[in-house]
Amino acid sequence: MLGAMMNYPLTLAQILDHANRIHGDKHVHTLLPNGKMDTYNYAMLYRRVKQLANAITELGIRPGDRVATFASNTYQHLEIYCAVPYAGAIIHPLNVRLAPTQLAKIVEEADDKFIFVDGTCAAQFSQLQYKIDCRRVVLFNANHVHDKNLTDLSIDYENIIAEAEDNYISDIPDENWAMALCYTSGTGGEPKGVLYTHRSMFLHTLAVNQADVFGLTESDVVMPLVPMFHAMGWGLPYAAMFVGADIVLADTNNERIVDLIAEIGVTVAAGVPTVWTKLLPEFRKRKQDISSLQRLIVGGEPIPSSLIEAYEKELGVEVRHAWGMTEMSPTGTFCTLRKAHQNLPDDEKWKIKAMQGRPIPGVQMRLVNENGTELPWDGNAIGEVQVKSPWTVSSYYKNEPTPEHFTVDRWLRTGDLATINSEGYMQIVGRAKALIRSGGESISTVALENVLLKYPHVKDAAVIGIPNEKWGERPIAVVVLSSKTNENISEILKCHLASEFPKFWIPDRFIIVDEIPKTGVGKTDKQAIIELITASQKGELL
Ligand code: AMP
């Protein structure tokens with residue numbers, strides 16, 4: 001027998017309408033590149049979102065159309081984040097750090113109807129600009145743009161808002177309607193799209209707002225130092241709006257961040273470990289009063305227990321380690337201590353906190369070995385993490401589910417290798433997938449190897465990630481040449497890769513060898529390569 005409850009659609013419109021009605025006086029602050037602040041309240045955000053929804057409809061954007069953004073964290077980006085799904089279209093935040101060729105491929109596959117470009121990102125956009133029709137660009141922060149072609153041809157963001165009425169009524173046909181598209185670095189080198197639904201994002205928002213997850217409340221001042229293009233800013237913008245927390249939008253490289261945390265009284269901030277490693281000496285040096293800062297949400301790559309200790313012991317800021325992926329909207333696990341841990345010595349606590357944590361309510365998880373056998377949660381058995389949840393992808397955009405990514409019984413294969421202990425705490429120990437994590441972003445070893453192999457003198461190549469204190473991991477290339485050369489081959493190969501990949505993808509070192517070590521089944525022997533690299537660092541090679 002079916003129950004008799006309202007079939008209440010779980011859509012982003014409910015989040016926005018609630019944020020406006022209940023929390024209209026709460027603030028959105030944007031730290032501008034010149035260090036000044038721009039502030040308005042949720043009521044104004046809502047009004048502009050409604051105007052923008054009308055404006056994009058006027059531009060010809062229809063429900064289901066993809067609308068890209070190429071932007072940093074600003075209030076305009078937040079408005080587009082809200083208005084596009086509010087009007088039934090699909091917001092597609094582009095990663096501004098990718099190379100123009102990668103971006104062009106993504107824009108083509110996504111078939112984006114318009115791109116909303118932030119003038120403060122004009123430098124990164126300049127190369128992509130020549131691959132797309134500028135009449136499809138809507139430009140904001142245009143005063144930062146010096147390219148007349150772009151300013152002349154593009155549509156002015158503020159103009160279209162000013163000309164629009166603020167009476168848009170959202171009418172999303174179905175809670176399973178697509179609302180956002182994010183690309184992730186594919187293991188095979190090809191980026192893959194994840195198409196979120198209103199329902200999945202609504203449920204993810206509720207899930208992360210639980211006390212043992214983000215734990216946001218109306219009293220919080222939230223600063224996501226996560227780009228909004230990285231896995232939907234980890235869900236923080238929508239989560240903050242739903243509970244009515246103040247939001248502070250800023251670029252991680254802005255020098256005023258530490259001052260701002262003190263001045264505005266930020267209570268919760270989120271970012272990858274690289275950000276917190278970089279900011280730690282700043283916190284120490286400037287000695288600002290950051291007593292408002294209660295908690296950091298840290299994820300994207302493992303956080304070392306020493307960094308947790310520095311923040312918790314020295315600065316009195318709680319660290320919550322999270323694990324997830326674009327495919328999971330992105331939250332999968334969160335690390336908070338159990339009641340049973342409260343009396344443990346501090347260093348025991350930090351050790352637990354350095355684990356990736358337990359599945360958040362709504363996420364199912366299992367560990368599976370190479371033969372497909374489920375492994376025990378004993379803290380020792382290592383297997384691939386497989387997951388299910390209402391906010392996990394069921395197939396990639398424009399792709400059928402393949403056995404590489406989904407099991408027969410429809411679990412997502414994360415490609416992460418981990419142990420899970422009897423209390424349910426997961427610890428990532430490696431990656432089955434060919435991805436390197438640098439500064440919280442993925443680098444595809446396969447894509448780098450493929451392009452290296454296209455260079456005429458390269459006979460064989462392997463790229464692997466090695467641990468790096470600042471970035472987590474960095475790529476190193478091991479290359480076999482078809483003939484000896486006197487040229488500076490490292491520089492040549494760097495230039496060769498630079499035309500296809502962003503700067504942070506370029507391997508730090510190129511080691512020339514006679515042969516790439518292979519395993520018994522002919523696969524690249526990564527362990528032997530690590531030994532090669534260690535030998536070369538000690539000067540035992542070459
Ligand atoms: P992305 O989709 O770019 O967010 O990348 C997701 C991948 O990042 C995961 O599959 C993991 O390999 C890695 N990752 C995310 N968070 C963590 C973490 N806390 N510790 C270790 N690896 C992580």
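Preceding this section is the structure that the text describes.
Reading the values: the criteria
- Residues numbered from 1 in each chain as written.
- Predicted model: local features only at pLDDT ≥ 70, side-chain atom pairs only at ≥ 80, totals over all residues.
- Heavy atoms only, no water.
- Helix = DSSP H or I, 4+ residues; strand = E, 2+ residues; numbered from the N terminus.
- Expected span 1.5 Å × (residues − 1).
- Buried < 20%, exposed > 50% of the residue type's maximum accessible area, 1.4 Å probe, protein only.
- Phe/Tyr/Trp six-rings, centres within 6.5 Å; stacked < 30°, edge-to-face > 60°.
- Lys NZ or Arg CZ within 6 Å of the ring centre and 35° of its normal.
- Near = heavy atom within 4 Å.
- Polar contact = N/O pair within 3.5 Å; in protein donor to acceptor, adjacent residues only side chain to side chain.
- Areas by Shrake-Rupley, 256 points an atom, 1.4 Å probe, with all protein chains shown as cover.
- Nonpolar A, V, L, I, M, F, W, Y, C, P; charged D, E, K, R; others polar.
- Pairing = 2+ DSSP bridges.
- Axes fitted to C-alpha atoms, helices over the stretch in contact; angles between N-to-C directions.
- Contact = heavy atoms within 4.5 Å.
- Core = buried A, V, L, I, M, F, W, Y, C linked by side-chain atoms within 4.5 Å.
- Left-handed = near helix turned anticlockwise from the far one by under 90°.
- Right-handed = clockwise from strand over helix to strand, strands pointing away.
- Salt bridge = Lys/Arg side-chain N within 4 Å of Asp/Glu carboxyl O.

A.B. asks: Explanation requested: helix α3 (residues 75–86) in the structure shown.
C.D. replies: An α-helical segment advances 3.6 residues per turn. Residues three or four places apart therefore align on the same side. For α3, with twelve residues, the first-to-last C-alpha span of 16 Å sits near the 16 Å given by 1.5 Å per residue. Of all the twelve residues making up α3, twelve are buried; the element is thus mostly covered by neighbouring parts of the structure. Restricting attention to buried positions, one finds in α3 the residues Tyr75, Gln76, His77, Leu78, Glu79, Ile80, Tyr81, Cys82, Ala83, Val84, Pro85 and Tyr86. Of the residues trailing α3, Gly88 is marked for its positive phi of about 85°.

A.B. asks: How do you make sense of the packing of aromatic side chains when you look at a structure like this?
C.D. replies: Each aromatic ring pair is characterised by the separation of its centres together with the angle its planes make. This model, assessed by the stated rule, comprises 13 aromatic pairs. For the ring pair Phe140 and Tyr157, a centre distance of 5.2 Å and an interplane angle of 50° mean the geometry is tilted. In this pair, Phe140 sits in strand β6 (residues 137–140) while Tyr157 sits in helix α7 (residues 157–162), placing the two residues 17 residues apart along the sequence. The class of Tyr157 is buried, set by a relative accessible area of 0%. An aromatic cluster of at least three residues, connected via ring pairs, comprises Tyr46, Tyr86 and Tyr168. The ring of Tyr396 is capped by Lys192, whose NZ or CZ atom sits 6.0 Å from the centre of that ring.

A.B. asks: When you look at the site of the ligand in this model, what are you seeing that I'm missing?
C.D. replies: Looking at the ligand, there are 17 residues lining it, with Ala322, Thr326, Asp416, Lys433 and Arg437 nearest. Between the ligand and Glu301, the relevant distance is 3.4 Å, taken from a nitrogen atom to a main-chain nitrogen or oxygen of the residue. Between the ligand and His321 there is a distance of 2.8 Å, counted from a nitrogen atom to a side-chain nitrogen or oxygen. Contact with the protein chains hides 95% of the accessible area of the ligand, taken as 490 Å² for the molecule alone. Looking at the shell around the ligand residue by residue, the classes come out as four nonpolar, eight polar and five charged.

A.B. asks: I tried to follow the sheet that holds strand β19 (residues 412–420) on my own but got confused; where do I start?
C.D. replies: What holds strands together in a sheet is hydrogen bonding between their backbones, with the strands either parallel or antiparallel. One open sheet accounts for four strands, arranged β17-β18-β19-β20; its pairing is antiparallel. For this open sheet the edge positions go to β17 (364–368) and β20 (426–431), each flanked by a neighbour on one side alone. Adjacent strand axes in the sheet meet at a mean angle of 50°, parallel and antiparallel pairs treated alike. Relative to β19, strand β18 (residues 383–388) runs antiparallel, the two being bridged by four bridges. Counted as the bridge partner of Gln386 is Arg413 from β19.

A.B. asks: I'm lost on helix α10 (residues 257–264) in this one. Help?
C.D. replies: Of the residues making up α10, those classed as buried are Ile257, Val258, Asp259, Leu260 and Ile261. For α10, the secondary structure elements touched by its buried residues are β1 (27–31), β2 (37–41), β10 (221–224), β11 (246–249) and α11 (273–286). Gly265 lies just past α10 and shows a positive phi near 75°.

A.B. asks: Whenever I open this one, the nonpolar core confuses me. Can you help?
C.D. replies: Looking at soluble globular proteins, one finds that nonpolar side chains tend to be buried together. In terms of nonpolar packing, the biggest core is built from 125 residues, with Leu52, Phe116, Met223, Met241 and Trp276 touching the most fellow members. If you look at the next biggest cluster of nonpolar residues, it comprises 28 residues, including Ile90, Ile106, Ile115 and Ala122.

A.B. asks: When you look at the packing of helix α14 (residues 445–454) against helix α15 (residues 489–498) in this model, what are you seeing that I'm missing?
C.D. replies: The axes of two packed helices give the description: the angle between them and the distance between them. Where α14 meets α15, the closest approach of the two axes is 10 Å, and the angle between their N-to-C directions is 115°. The interaxial crossing formed by α14 with α15 has right-handed handedness. Two secondary-structure elements touch here, α14 through Leu448, Val451, Leu452 and Lys454 and α15 through Leu493, His496 and Leu497. A class-by-class count of the residues in the contact of α14 with α15 yields five nonpolar, one polar and one charged.

A.B. asks: For this particular structure, what's the right way to read the pairing of β6?
C.D. replies: Remark: a regular strand shows side chains that alternate across the two faces of the sheet. Burial of β6 is two-sided: the residues Val137 and Leu139 facing one way and the residues Val138 and Phe140 facing the other way are all buried. Sheet analysis places strand β5 (residues 112–118) next to β6, joined by four bridges and oriented parallel. When the sheet's bridge partners are listed, Asp118 is paired in β6 with Phe140. The parallel pair β5 and β6 is bridged by helix α5 (residues 122–129), and the resulting crossover is right-handed. Of the strand pairs in this sheet, β6 and strand β7 (residues 155–156) are connected by two bridges, and their pairing is parallel. Counterpart to Leu139 in the pairing with β7 is Asp156.

A.B. asks: Teacher, can you tell me more about the pattern of salt bridges here?
C.D. replies: Oppositely charged side chains can pair when the atoms bearing their charge come close. In the structure shown here, the tally under the stated rule is 27 salt bridges. Between Glu441 and Arg97 there is a salt bridge, with the nearest N and O atoms lying 2.3 Å from each other. On the criterion of sequence distance, the pair formed by Glu441 in strand β22 (residues 441–444) and Arg97 in the loop between β4 (90–93) and α4 (100–110) is long-range, its members being 344 residues apart. The class for Glu441 is buried, based on a relative accessible area of 9%. Glu491 is the salt-bridge partner of Lys494, the closest N and O atoms lying 3.8 Å from each other. Residue Lys494 and its partner Glu491 are located together in helix α15, separated by three residues, close to a single helical turn. When its relative accessible area of 39% is taken as the criterion, Glu491 is described as partly exposed. Residues participating in the shared-partner salt-bridge network are Arg256, Asp259, Glu263, Glu282, Lys285 and Arg286.

A.B. asks: Looking at this structure, how should I read the pairing of β22?
C.D. replies: The alternating pattern of β22 places Glu441 and Ile443 on one face and Ser442 and Ser444 on the opposite face, and all of these are buried. Sheet analysis places strand β21 (residues 435–438) next to β22, joined by four bridges and oriented antiparallel. Its bridge partner lying in β22, Ser438 is registered against Glu441.

A.B. asks: What is the right way to read the environment of Arg358 from this model?
C.D. replies: By secondary structure assignment, the location of Arg358 is in strand β16 (residues 358–359). On the basis of relative accessibility, which here comes to 27%, the residue Arg358 falls in the partly exposed class. In sequence terms Arg358 and Thr336 are 22 residues apart; their C-alpha atoms lie 8.1 Å from each other. Here Arg358 is in contact with Gly332, Thr333, Phe334, Arg338, Glu423, Gly424 and Tyr425, once residues within four sequence places are set aside.

A.B. asks: Would you mind showing me how to read the environment of Trp276 here?
C.D. replies: As for its placement among the helices and strands, Trp276 is situated in helix α11. We classify Trp276 as buried; its relative accessible area is 0%. On a C-alpha basis, the gap between Trp276 and Val298 in space is 8.4 Å, while along the polypeptide they are 22 residues apart.

Remember, this is a structural readout, not a statement about activity or role.
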